[in-house]
Amino acid sequence: MKEKTLVLLKPDAVQRGIVGDIVSRFEHTGMKIVGLKMVRVTPEFSKKHYATHVNKPFYTGLEKFITEGPIIAMVLEGLHAVETVRKIVGSTEPKSAAPGTIRGDYSHHSYAYTDAHGIAIKNLIHASGTSEEAKTEVALWFTKEELHDYTTVHEKHVF
Ligand code: CDP
Ligand code: MG
């Protein structure tokens, strides 16, 4: 049940200066940050990370978006971390994302707007979608040496 998941704070989150707010939301759940770094994604790496989306019509805009500035990459660990993180992040389209979720509270882009303008939906965050995806993505983004093992005070109450 305890698992790791990959979270990326996309260029819009970094440029808007809300990295701290977003990281706080994850920390407040008691999940543990086990890896964290600032990275500039190259087009080649974007194609690896978004391998399942490369042939989709929105990929060109997505690559332009994810490579346009540095991002924050992190690995969170906790019980059902994949599902827990996706719940906090909210649905892909900010317009439809529920209030209380990060996408719902901090963004408002819509597919109607982005499709009409040929740009990616600016939704602040990438989060692994399934446990399988999380394993692949954590291994793609972080080396063993970049992942850390320590005990949080929350663990006393959770585990
Ligand atoms: O990120 P998430 O797993 O919620 O969505 P996805 O379906 O895996 O799509 C990956 C990313 O592509 C989204 O987060 C959007 O930034 C972008 N996207 C887009 O710009 N336009 C679409 N029609 C679908 C996705
Ligand atoms: Mg996805």
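Calculation rules
- Residues numbered from 1 in each chain as written.
- Chains lettered and ligands numbered in written order.
- Predicted model: local features only at pLDDT ≥ 70, side-chain atom pairs only at ≥ 80, totals over all residues.
- Heavy atoms only, no water.
- Helix = DSSP H or I, 4+ residues; strand = E, 2+ residues; numbered from the N terminus.
- Rg over C-alpha atoms; globule rule 2.2 N^0.38 Å.
- Buried < 20%, exposed > 50% of the residue type's maximum accessible area, 1.4 Å probe, protein only.
- Contact = heavy atoms within 4.5 Å.
- Areas by Shrake-Rupley, 256 points an atom, 1.4 Å probe, with all protein chains shown as cover.
- Lys, Arg positive; Asp, Glu negative; His and termini not counted.
- Charge placed at Lys NZ, Arg CZ, Asp CG, Glu CD.
- Core = buried A, V, L, I, M, F, W, Y, C linked by side-chain atoms within 4.5 Å.
- Phe/Tyr/Trp six-rings, centres within 6.5 Å; stacked < 30°, edge-to-face > 60°.
- Lys NZ or Arg CZ within 6 Å of the ring centre and 35° of its normal.

Undergrad: Sorry, what's going on with the overall build of the protein here?
TA: Helix and strand counts for the protein come out as nine helices and four strands. Going residue by residue from the N terminus, the α and β elements of the protein occur as β-α-α-β-α-α-β-α-α-α-β-α-α. Relative to its length of 159 residues, the protein is compact, with a C-alpha radius of gyration of 15 Å against a globular reference of 15 Å. The principal-axis extents of the C-alpha atoms in the protein amount to approximately 50 × 35 × 25 Å. Within the span of the protein, comprising 159 residues, buried residues form 47% of the whole. Restricting the contact set of the protein to residue pairs at least 6 apart, pairs at least 24 apart contribute 75%. Summed over its atoms, the accessible surface of the protein is roughly 8,700 Å², and 56% of this surface lies on carbon and sulfur atoms. The positive charge centre, built from 20 side chains, and the negative charge centre, built from 19, are 1 Å apart in the protein.

Undergrad: Please explain the nonpolar core as it appears in this structure.
TA: Nonpolar side chains tend toward joint burial in soluble globular proteins. Judged by nonpolar contacts, the single largest core of 22 residues is most densely connected at Leu9, Phe26 and Ile125. Elements that contribute at least two residues to this core include exactly strand S1 (2-9), helix H1 (11-15), helix H2 (19-28), strand S3 (71-79), helix H5 (81-89), helix H6 (102-106) and strand S4 (125-127). For this core, the leading source of residues is H5, giving four residues. Other than its neighbours up to four places away in sequence, Phe26 contacts Val7, Met31, Met74, Leu76, Val85, Ile88, Val89, Ile102 and Ile125. Grouped together as the second largest cluster of nonpolar side chains are 16 residues, Leu6, Tyr50, Ile66 and Ala120 included.

Undergrad: I'm lost on the packing of aromatic side chains in this one. Help?
TA: For any pair of aromatic rings, geometry is given as the distance between the ring centres together with the angle between the planes. Evaluated as defined, the whole model comprises one aromatic pair. Lying over the aromatic face of Tyr150, Lys32 brings its terminal NZ or CZ to 5.0 Å of the ring centre.

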